[in-house]
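Residues per chain, in single letters:
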Amino acid sequence: GKRWPLQPHSNMLSSLFTSPKLAALASFQDLYVGLEPFEHPRQLGGGVLRKTAPAVFGLLAALELHPTNEKAGVFAPVGGFRQVAESMYRLCLDNDVQFNFGTSVTAITD
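All values reported here derive from a predicted model rather than from experimental measurement.

> In this structure, what is going on with helix 5 (residues 82–94)? I would like to understand it.
Given 3.6 residues to a turn, an α-helix orients residues that are three or four positions apart in the same direction. Its 13 residues place the ends of helix 5 19 Å apart at the C-alpha level, agreeing with the 18 Å of an ideal helix rising 1.5 Å per residue. Just beyond helix 5, the residue with positive phi is Asp-96, at close to 60°.

> Would you take a moment to explain helix 1 (residues 9–16) for this structure?
Of the positions making up helix 1, those classed as buried are His-9, Ser-10, Met-12 and Leu-13. Taken around the axis of helix 1, the buried residues stretch over an arc of 160°, which confines them to a single face. Along helix 1, exposed side chains directed more than 90 degrees from the buried face belong to Ser-14 and Ser-15.

> Any chance you could explain the pattern of salt bridges here in plain terms?
If charged atoms from side chains of opposite charge come close, those side chains can pair. In total, this model carries one salt bridge according to the counting rule given. The partner of Glu-86 in a salt bridge is Arg-82, and the shortest N-O contact between them spans 3.0 Å. Here Glu-86 and its partner Arg-82 are both found in helix 5, four residues apart, which amounts to about one turn of the helix. Residue Arg-82 is classed as exposed on the basis of its relative accessible area, which comes to 63%.

> Mind showing me how you'd approach the packing of aromatic side chains here?
The description of an aromatic ring pair uses the distance of the two centres, along with the angle that the planes make with each other. A full pass over the atoms with the stated rule returns three aromatic pairs. Where Tyr-89 meets Phe-101, the ring centres are 6.2 Å apart and the plane angle is 55°; that geometry is what we call tilted. Of this pair, Tyr-89 sits in helix 5 while Phe-101 sits in the segment after helix 5, and the two are twelve residues apart along the sequence. Of the residues examined, Tyr-89 reaches a relative accessible area of 34% and is grouped as partly exposed. Ring geometry for Phe-99 against Phe-101: centres 5.7 Å apart, planes inclined by 0°, an arrangement best described as stacked. Through pairs of rings, three or more aromatic residues link up here, namely Tyr-89, Phe-99 and Phe-101.

Analysis parameters
For every chain, the first residue of the written sequence is number 1, and numbering continues from 1 onward in sequence order. The model is predicted, so local features are restricted to residues of pLDDT at least 70 and side-chain atom pairs to those at 80 or more, both for listing and for counting; the totals for chains, interfaces and linings are taken over all residues. The side-chain quantities take in all heavy atoms of the structure and omit both hydrogens and water. Going along the chain from the N terminus, every DSSP run of H or I of four or more residues is numbered as a helix, and every run of E of two or more is numbered as a strand. To estimate how far a helix should reach, multiply one less than its number of residues by 1.5 Å. We call a residue buried when its accessible area falls under 20% of the maximum for its residue type, exposed when it is over 50%, and partly exposed in between, using a 1.4 Å probe and counting protein chains only. By construction, the arc corresponds to the directions joining the helix axis to the C-beta atoms. A pairing counts as a salt bridge when a side-chain nitrogen of Lys or Arg comes within 4 Å of a carboxyl oxygen of Asp or Glu. Centres within 6.5 Å are what make two rings of Phe, Tyr or Trp a pair, Trp counting through its six-membered ring; a difference in plane orientation under 30 degrees is then read as stacked, over 60 as edge-to-face, and the rest as tilted.

Here is the structure:
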């Protein structure tokens, strides 16, 4: 139905797989973001608003593994995501951007 993206991922997996091992294989992406694939029946929305992954996370596997995706896979910056911020900081310094740490912003001017 139209609400499938927001139901617990386990609901979608149980409708597709009878094997618990295949369901586990199809839900490991939930763990990437620290969520559980399993429904919590006593929580609102099966727990999707708290710690249960929504079914839409099932699309991650399709994006990562689909055979027509020439760049399939999981990508991360070399040095971790902190390296992105550090590289941006260095780039800003190289372009004369001024940083003022430990102060409050009261106005932004040209």
